[in-house]
Amino acid sequence: MEEEVVEFPVLRDTSSFHFDWAIFGTNSFCAFALNLAVFLLVGKTSALTMNVAGVVKDWLLIGFSWSVIRDTVTPINLVGYGLAFLGVCYYNAVKLKALKAKEGQKKPPPEDEEAGKLLDERDGERVPGKTDS
């Protein structure tokens, strides 16, 4: 009996597996699109946002498996999901507070020069070179 150096000839002769280029191509495209989406998400936000999105994805998977597949959810699972939920709520509250603080620091530019002078006068500041009429 002849020994094979590699398993491919034996696998080819005995297996019912047939390589499908369409499935391989669509799977490759989906994997590339997922990596591109992750790259853009992390680029626009942060790695922490990606982790929070992963937690939300896990909730959706667990909800799907519980409601459709009728998988069991134990009390300890519910406590863990509750803690994850509180963590995401805290993260969103902190992020929203930081966003509001950042927007509060920005002063919108006046639409035109005269409007800017009127706003300054209204706020009690005197505009240099302008006299009261």
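None of these values were measured; they are calculated from a predicted model.

1. Re the overall build of the chain
Here is step 1 of the chain: A tally of regular secondary structure across the chain gives five helices and zero strands.
Here is step 2 of the chain: Listing each helix as α and each strand as β along the chain from the N terminus yields α-α-α-α-α.
Here is step 3 of the chain: Burial status across the chain gives 5% buried among its 133 residues.
Here is step 4 of the chain: Roughly 12200 Å² of accessible area belongs to the chain as shown, and the carbon and sulfur atoms make up 66% of that amount.

2. Let's talk about helix α2 (residues 21-44)
Here is step 1 of the chain: The end-to-end C-alpha distance of α2 is 34 Å, a good match for the 34 Å that 24 residues give at a rise of 1.5 Å each.
Here is step 2 of the chain: Measuring from the side-chain oxygen of the N-cap residue of α2 to the backbone nitrogen of Ala22 gives 3.2 Å; that N-cap residue is Asp20.

3. Some details on unusual backbone geometry
Here is step 1 of the chain: Positive phi is not limited to glycine here, since Arg70 has a value of about 65°.
Here is step 2 of the chain: Checked against the element boundaries, Arg70 lands in the loop between α3 (47-67) and α4 (75-105).

4. A word on the packing of aromatic side chains
Here is step 1 of the chain: Using the criterion set out here, one finds four aromatic pairs in the structure.
Here is step 2 of the chain: When the centroid spacing of 4.7 Å and the interplanar angle of 80° are considered together, the rings of Phe19 and Trp21 count as edge-to-face.
Here is step 3 of the chain: Judged by relative accessible area, Phe19 falls into the partly exposed class, the value being 45%.
Here is step 4 of the chain: The exposure class assigned to Trp21 is exposed, which follows from its relative accessible area of 65%.
Here is step 5 of the chain: Here Phe19 and Phe24 contribute two aromatic rings whose centre-to-centre distance is 5.3 Å and whose plane-to-plane angle is 50°, an arrangement assigned as tilted.
Here is step 6 of the chain: Taken together, the aromatic side chains of Phe19, Trp21 and Phe24 make up a single cluster linked through ring pairs.

5. What about the UniProt feature "transmembrane region" (unreviewed entry) in the chain?
Here is step 1 of the chain: Summarizing the sequence annotation, UniProt attributes the feature "transmembrane region" (unreviewed entry) to residues 21-41 and 75-93 in the numbering used throughout.
Here is step 2 of the chain: Overall, residues 21-41 shows 100% helix and 0% strand. The separation of its end C-alpha atoms is 30 Å.
Here is step 3 of the chain: Annotation note: span residues 75-93, helix share 100%, strand share 0%, distance between end C-alpha atoms 27 Å.

6. Here's the deal with a nonpolar patch on the surface
Here is step 1 of the chain: A surface patch of nonpolar side chains, about 550 Å² in accessible area, is lined by Phe17, Phe19, Trp21 and Phe24.
Here is step 2 of the chain: Following the sequence through the fold, Trp21 ends up in helix α2.

7. Considering the environment of Ile62
Here is step 1 of the chain: Secondary-structure assignment places Ile62 in helix α3.
Here is step 2 of the chain: On the basis of relative accessibility, which here comes to 24%, the residue Ile62 falls in the partly exposed class.
Here is step 3 of the chain: As a C-alpha pair, Ile62 and Thr72 span 10 residues in sequence and 9.8 Å in three-dimensional space.

8. Focus on the packing of α3 against α4
Here is step 1 of the chain: Across the interface, α3 lies against α4 with an axial gap of 11 Å and an inter-helix angle of 140°. When you trace α3 past α4, the crossing you get is left-handed. Between α3, through Leu48, Thr49, Val52, Val55, Trp59 and Ile62, and α4, the contact on the second element is made entirely by Tyr81, Ala84, Phe85, Val88, Tyr91 and Lys95.
Here is step 2 of the chain: Residues of the contact of α3 with α4, tallied by class, amount to 10 nonpolar, one polar and one charged.

About the cut-offs
Residues numbered from 1 in each chain as written. Predicted model: local features only at pLDDT ≥ 70, side-chain atom pairs only at ≥ 80, totals over all residues. Heavy atoms only, no water. Helix = DSSP H or I, 4+ residues; strand = E, 2+ residues; numbered from the N terminus. Buried < 20%, exposed > 50% of the residue type's maximum accessible area, 1.4 Å probe, protein only. Areas by Shrake-Rupley, 256 points an atom, 1.4 Å probe, with all protein chains shown as cover. Expected span 1.5 Å × (residues − 1). Polar contact = N/O pair within 3.5 Å; in protein donor to acceptor, adjacent residues only side chain to side chain. Phe/Tyr/Trp six-rings, centres within 6.5 Å; stacked < 30°, edge-to-face > 60°. UniProt positions renumbered as here; feature names shortened; annotations may be inferred. Patch = residues over 30% accessible without salt bridge, like charges linked within 9 Å, V, L, I, M, F, W, Y side chains within 5 Å. Salt bridge = Lys/Arg side-chain N within 4 Å of Asp/Glu carboxyl O. Axes fitted to C-alpha atoms, helices over the stretch in contact; angles between N-to-C directions. Left-handed = near helix turned anticlockwise from the far one by under 90°. Contact = heavy atoms within 4.5 Å. Nonpolar A, V, L, I, M, F, W, Y, C, P; charged D, E, K, R; others polar.

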